[in-house]
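# A structural walkthrough
Residues per chain, in single letters:
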Amino acid sequence: MAVNAIDQTRRMLSLVTYLRDRPGARVEEVARAFGISDDELISDLNVLPMCGTSFRGGDLLEIDTDGERIWWRNSEALGSDTAQPLRLAADEATALLVAARAVATLPGLRESDREALQRATAKLETAAGESAGASSRLSVTFESEGGVFADVDRAIAERRRLWIRYYSPARDELTEREVDPIRLFAVGHTYVEAWCRLSEARRTFRLDRVAEIKLLDERSDPPPIEPRDLSAGLVQPAATDPEVVVEVGPGGRWVAEYYPHDSAEELADGGLRITLRTPDPASLRRLALRLGADGRITAPEELARSAREAAREALAAYGADA
């Protein structure tokens, strides 16, 4: 079953209470109790140590695992009997109030969540005193991705189909399609994994490339497929994908850090000869344009020629506009 971002947050809050009462709990038993895989549980456990009552020493959750059992080292220090009352500095209270009011205005937020957030904000305003007045003079406006996120999250929660207009940079075109959303996730950017009814296949869509989105009345009904394993990154080329060779100078060495590759051979000028695989070699033309003088595609020859032509066309267009 797909899990959205809000449901994951609720699960992690429940996980804290569950682990506090079960020191040394076994990973497989906890995963089974929450209806998730061992890998998903480990991913949650990697996030929990960044949570706590503050970022001061001893206030963060000291939760670790050896892959078989889970220990919470400072559960007593953070228990209700011994924990210090939470005190917010003026800047912390202001930031929290501004963020809470901004989130409450998001389109697509479930009404029950909006009301709960408003009640919490009212309590925080009372506790903050004069800081609340300062926060009222500040506001935050979310970019379009925020609205897209809210619509996708709502569609997942209500099991509804989505209609989107989506920009594909590889083809430099907008397409319209209906999708059954499966889950939201973030790997650098925020994405939705969905079953695309146009291609009748699983597809991943970057939220900031969604030009328009609508919630449909049709029920979302993706086939029962396992979510993609993202532990090795979003882009995971197959051994059967076409091979592409890119030569970069010293200013283009970053390519080896951002693109999965088979090999990176050092060149005499301090650059690299990078061999990688991709299911869509044409998409690397944009990489060649971005590199400019810092790199070029050398194989396959057809792609190298296409990249050179794209560069000439870009230069010609730039000259015509100048």
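Every chain is numbered independently, its residues counted from 1 as its sequence is written. Per-residue local features of the predicted model are confined to residues with pLDDT of at least 70, and side-chain atom pairs are confined, for both listing and counting, to 80 or more; whole-chain, interface and lining totals are unaffected and use all residues. The side-chain quantities take in all heavy atoms of the structure and omit both hydrogens and water.

- An unreviewed UniProt entry annotates the protein as Proteasome accessory factor C originating from Streptomyces qinglanensis.

## Digging into helix H3 (residues 38–47)
- Listing the buried residues of H3 in full gives Leu41, Asp44 and Leu45. End-on, the buried residues of H3 take up no more than an arc of 100°, which puts them together on one face. Of the exposed residues in H3, the ones pointing more than 90 degrees away from its buried face are Asp39 and Asn46. Partly exposed residues are those whose accessible area sits between 20% and 50% of the maximum for their type, while under 20% is buried and over 50% is exposed, using a 1.4 Å probe and protein chains only. Put simply, DSSP marks the helices as runs of H or I at least four residues long and the strands as runs of E at least two long, and each gets a number from the N terminus on. Directions drawn from the helix axis to the C-beta atoms are what define this arc.

## Quick word on the pattern of salt bridges
- Any Lys or Arg side-chain nitrogen found within 4 Å of a carboxyl oxygen on Asp or Glu counts as a salt bridge. As enumerated under the stated definition, the model contains 22 salt bridges in all.
- Salt-bridge contacts for Asp217 lead to Arg160; the nearest nitrogen and oxygen are separated by 3.9 Å. Of this pair, Asp217 sits in strand S8 (residues 210–219) while Arg160 sits in strand S4 (residues 160–168); the two residues are 57 residues apart in sequence, bridging distant segments of the chain.
- Given the relative accessible area of 73%, Asp217 is considered exposed.

## Considerations on helix H4 (residues 90–104)
- Spanning 15 residues, H4 covers 21 Å between terminal C-alpha atoms, matching the ideal 21 Å at 1.5 Å per step.
- Listed as buried for H4 are Ala93, Thr94, Leu97, Val98, Ala100, Ala102 and Ala104. By definition here, a helix of n residues has an expected span of 1.5 Å times n minus one.

## Digging into the sheet that holds strand S11 (residues 272–277)
- Strand order across the open sheet formed by 4 strands is S10-S11-S9-S12, with antiparallel pairing between neighbours. With one partner strand each, in any of the chains shown, strand S10 (263–266) and strand S12 (295–299) form the two edges of the open sheet. In this sheet, adjacent strand axes meet at a mean angle of 25° when their direction is disregarded. A strand pair is defined by DSSP finding two or more bridges across the two strands. To define axes, lines are fitted to C-alpha atoms, for helices over the stretch in contact only, and angles between the resulting N-to-C directions are given on a 0 to 180 degree scale.

## Notes on the packing of H4 against helix H5 (residues 111–128)
- Axis separation between H4 and H5 bottoms out at 10 Å; the angle between their running directions is 155°. As far as their axial angle goes, H5 and H4 are roughly antiparallel. Crossing handedness for the pair H4 and H5: left-handed. Seen from H4, the contacting residues are Ala93, Leu96, Leu97, Ala100, Arg101, Val103 and Ala104; seen from H5, they are Arg114, Leu117, Thr121, Leu124, Glu125 and Ala128. Angles below 35 degrees are treated as roughly parallel, those above 145 as roughly antiparallel, those between 65 and 115 as roughly perpendicular, and all remaining angles as oblique. Crossing chirality is assigned from the near helix's rotation relative to the far helix, an anticlockwise turn below a right angle marking it left-handed and a clockwise turn marking it right-handed. Here a residue-residue contact requires only that any non-hydrogen atoms of the pair lie within 4.5 Å.

## Quick word on the environment of Val30
- Assignment of secondary structure puts Val30 in helix H2 (residues 27–34).
- When its relative accessible area of 0% is taken as the criterion, Val30 is described as buried.
- Once the C-alpha coordinates of Val30 and Leu15 are considered, the two residues, 15 residues apart in sequence, prove to be 8.6 Å apart.
- Those residues within four positions of Val30 in sequence are excluded, and the remaining contacts are Leu15, Tyr18, Leu19, Ala25, Leu41 and Ile70.

## Let's talk about the packing of aromatic side chains
- When two rings of Phe, Tyr or Trp (its six-membered ring) have centres within 6.5 Å they constitute a pair, described as stacked for plane angles under 30 degrees, edge-to-face for angles over 60, and tilted for the intermediate range. Tallying each qualifying case throughout the model produces 2 aromatic pairs.
- For the pair Tyr166 and Phe205, a centre-to-centre distance of 5.0 Å together with 80° between the ring planes defines the contact as edge-to-face. Taken together, the residues Tyr166 in strand S4 and Phe205 in strand S7 (residues 201–206) connect sequence positions 39 residues apart.
- Centre to centre, the rings of Phe185 and Tyr191 are 5.5 Å apart; their planes meet at 15°, and the pair counts as stacked.
- When its relative accessible area of 11% is taken as the criterion, Phe185 is described as buried.
- On the basis of relative accessibility, which here comes to 9%, the residue Tyr191 falls in the buried class.
- The ring of Tyr18 has Arg22 lying over it, and the distance from NZ or CZ to the ring centre is 3.8 Å.
- As a reminder, the over-ring test applies to NZ of lysine and CZ of arginine, requiring each to be within 6 Å of the ring centre and within 35 degrees of the ring normal. Sitting above the plane of the Trp163 ring, Lys214 keeps its charged end 4.8 Å from the centroid.

## Observations regarding the packing of H2 against H3
- Relative orientation of the contacting elements H2 and H3 amounts to 100°, with a least axis distance of 9 Å. One element, H2, and the other, H3, form an angle in the roughly perpendicular class. Here Val27, Glu28, Val30 and Ala31 of H2 come into contact with H3, specifically with Asp38, Leu41 and Ile42.

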